[in-house]
Each structure stands twice: as structure tokens, then as C-alpha cells.
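Chain and residue survey
If you want the building blocks of each chain, they are given just below.
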Amino acid sequence: GYGFLAENPQFAKAVEDAGLAFIGPSAEAIRLMGNKIEARKKMREIEVPLLEGQTGTPDELLKNAEKHDYPLLIKAAAGGGGKGMRIVHKPGELKQALEATAREAKSYFGDESVYIERYLEEPRHIEIQVIGDHHENMVHLYERECSLQRRYQKIVEESPSPTLNQAVRRKMGETAVKLALSIGYYNAGTIEFLVDKNLNYYFLEMNTRIQVEHPVTEMVTGVDLVKEQIKVAAGNRLSFHQKEIIQQGHAIEARVYAEDPEQNFMPSPGKMSLYKEPAGENIRVDSGISSNTEIKPFYDPMISKLIVKGESREESIGKMLWALDHYKIHGIKNNVLYLKKLIHSDDFRNNRISTNYCDTKTPMIVKQIKDERGASGYPLPV
């Protein structure tokens, strides 16, 4: 799975100590890649490109506040998922950001250590899916573009990436496989990279688990990653070789959330009065939701993952827009209209996006939604 326990080395070890097969990598691999200091040390050893950074307590990191190259990206040293991430543009903002991130890191991961690195302006977030077995076989299943994010969490993913050329795509895949082999990795994992405007890529982190967006890769490669995870955990060899994995068509995933884009994406728990999913050829919805479901306030507010596939990116965009048109959720605030505006935009169609796109464009998108609501003469369904 992709909850916190999936990346908890103590949990993985407890499973193994109980004589059970953990469907994931070894506890040691989880521990190594979950610790940003050790992970980056390993990346230097195997010459994987990365942005230089530091880890420490807020007090330790503040000692060199004037010497850092700004802007800085600040995040929890012991975990991922966008928890506690902040961007600092000048030294005077650093103290408050470090202390807030340390508090959140302690709450989420039990470790208040903070990690800082130079922040790339308008980067792309592109990740490589890998999977390996216990017999030292390791392959990549190409990339996913995950640059559209809000609150440092992905909401739209696609494969192939419209940003990469074939040479960079091949090189990133080779780098990801080299990295995974160097730590004795097995089962599914994802190597995340930041990519600048010149297509230089830098190691960001490794997620030692299946990703929320894995269906995008499944759609374009035809590989059932969860099935392969289970087979690998049972001791089987991978059922395919690298040369057999081919990207075919184009897939897009949109994460449907119980949240209010007009209120900075604040979670919007409550009971749905109507819930109807779209259906059709090459349209997939992963959810556990029915019409009388109540979205609880205690968990991540994701309702479902909507995935579509087309022969081309343009066809895939059209299919996604059709699917969002036919996705009906009443009774709670949700982001379906926001997703539709995002994917319909010229910027998305022409790939003029970055990881901070939603931060800058959301006010405009929200205004469009409000204007349409007012022009219609009646409230749009929430």
C-alpha cells in the first residue's frame, strides 16, 4: 500500500521477524532511503546528480542562515509526502519556517530533524518506476510526470512525460535502475527527480513503496504492478525483461479529493448525497466509495483516482475531460471542477507547467469557477 506503514522500517522488520513476507523492500532499504542524510550520501557514492543540502535541528541550520543560497526548500528529514514542506526566499523567513517544519516532522515521523536544499525555480517533478526481484533482476517502467501539485502533493500525473526527450528518458531510467541495484533493492519503488528547464535532473528522494499514481504506468505498459509485487514477495522472478517493457499510448491520472479549492484546498469531510463514477473504454476509477459514503475528517481526503488512456496525449486529455464531466459528487465540496479547468487550460495542453503552477494559477481558476456559478443563475453542485 501507500500509507505511512508502507515506509516504516520497524513495521517491515516486525513483519519479517514474525515469519511473514512483507510485500515491499527490505527494512534496511526502507531505512536507508527514508533517511535523507544517508540517502544523499549513497547518491554521491554512485554519482547520481543531486542538489546539495543540509540536515539538522533548527538551531544548527540557523547558524549559517546568511550563507545559504536562496530560495531554499525546507522539509522533514525523515519522511516524504510533502509533509512540512516550505519555501524560504530570504534569511529573515528561515527561523519561523524551520521551527514549524520541525514541529510537523516530529508529529508525522517522530523525528524533528529538518532538511534544507536549494530550491529550483519552476522545476518539473518526474519520477521513474522500478521493480526488482530477490534474484538481482531490476527494471524500470519508464516515467511519470507529476509536476501539477497543490500543497506539495500531486493531483495530476501522466505518462509518458511530455517534457522529456528519448535520450533523457533513457538516461533517467538507467540511473534509477543503477540506484536501486546499488542498495540491493527488490519489489516496487519510485525514484523521484527534479528536472530543470535544460532537462538536467537531480535526485529528490526514493519512495520505497507503490505510489498512488501507479495506475498511470500500468495503463501504458500493461504491467500489473500490484500483482508483480505479490509475486516478487513470494520469491518469484520478474516475469519480463527490460526490453519487453514498452510505453504504448498516453495515460493521465487525476486525484479526486473531498476538498475546497476556494479555501486553499481545505479538506471537506461530510456525507455524499450523490456519487456516480464515469465509465467507458480505457477509463479506470480506483476507489472505495459508494453513494452513501461519509468522508471522515481523520484521514487523507482523497475520494478516488480517475485514470484514462488514449492513443495520444490529446486524445487522453479529451477522454479525461469527458470523464470529469460525467463524475457526479453532491453533498460535499470536491475538486472535480478545479481538475477540469486545470486540464482544459492551454497551459496544460501546451505543457507550460511546473511544480508551482497551481500555487500561481489557482486564484484565476477559482475566479473562473465562481464566474460560471454566478452566470448560471443557480449554484453549481458541490
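All values derive from a computational prediction rather than experimental measurement. (Residues numbered from 1 in each chain as written. Predicted model: local features only at pLDDT ≥ 70, side-chain atom pairs only at ≥ 80, totals over all residues. Heavy atoms only, no water.)

Another point: the packing of helix α2 (residues 27-34) against helix α3 (residues 36-45). At a closest axis distance of 5 Å, the pairing of α2 and α3 adopts a crossing angle of 90 degrees. One finds that α2 runs roughly perpendicular with respect to α3. Residues R31, L32, M33 and G34 of α2 pack against K36, E38, A39 and M43 of α3. By residue class, the composition of the contact of α2 with α3 is 4 nonpolar, 1 polar and 3 charged. (Axes fitted to C-alpha atoms, helices over the stretch in contact; angles between N-to-C directions. Helix = DSSP H or I, 4+ residues; strand = E, 2+ residues; numbered from the N terminus. Parallel < 35°, antiparallel > 145°, perpendicular 65-115°, else oblique. Contact = heavy atoms within 4.5 Å. Nonpolar A, V, L, I, M, F, W, Y, C, P; charged D, E, K, R; others polar.)

The omega angle of the peptide bond from Y70 to P71 is 0 degrees, so this bond is cis rather than trans. Looking at the element boundaries, P71 is found in the loop between α4 (58-62) and β2 (72-76). The omega torsion of the bond from S159 to P160 falls at 0 degrees, within 30 degrees of zero and hence cis. For N187, which is not a glycine, the phi torsion comes out positive at approximately 75 degrees.

Counted under the stated rule, the structure contains 1 cavity of 30 Å³ or more. Put simply, the largest cavity is a space of about 60 Å³. Lining the largest cavity we find M33, K36, A39, R40, K75, Y115, E117, F203, L204, E205 and M206. Of all elements in the fold, only α3, β4 (114-118) and β9 (201-207) reach the threshold of two or more residues within the lining of the largest cavity. Considering every element that reaches the lining of the largest cavity, the biggest residue donor is β9, with 4 residues. Taken together, the residues of the lining of the largest cavity break down into 6 nonpolar, no polar and 5 charged. (1 Å grid on protein atoms, 1.4 Å probe; cavity = no way out; pocket = protein on both sides within 12 Å on 5 of 7 lines; lining within 4 Å. Points joined across faces, edges and corners; volume = space filled by probe spheres on them.)

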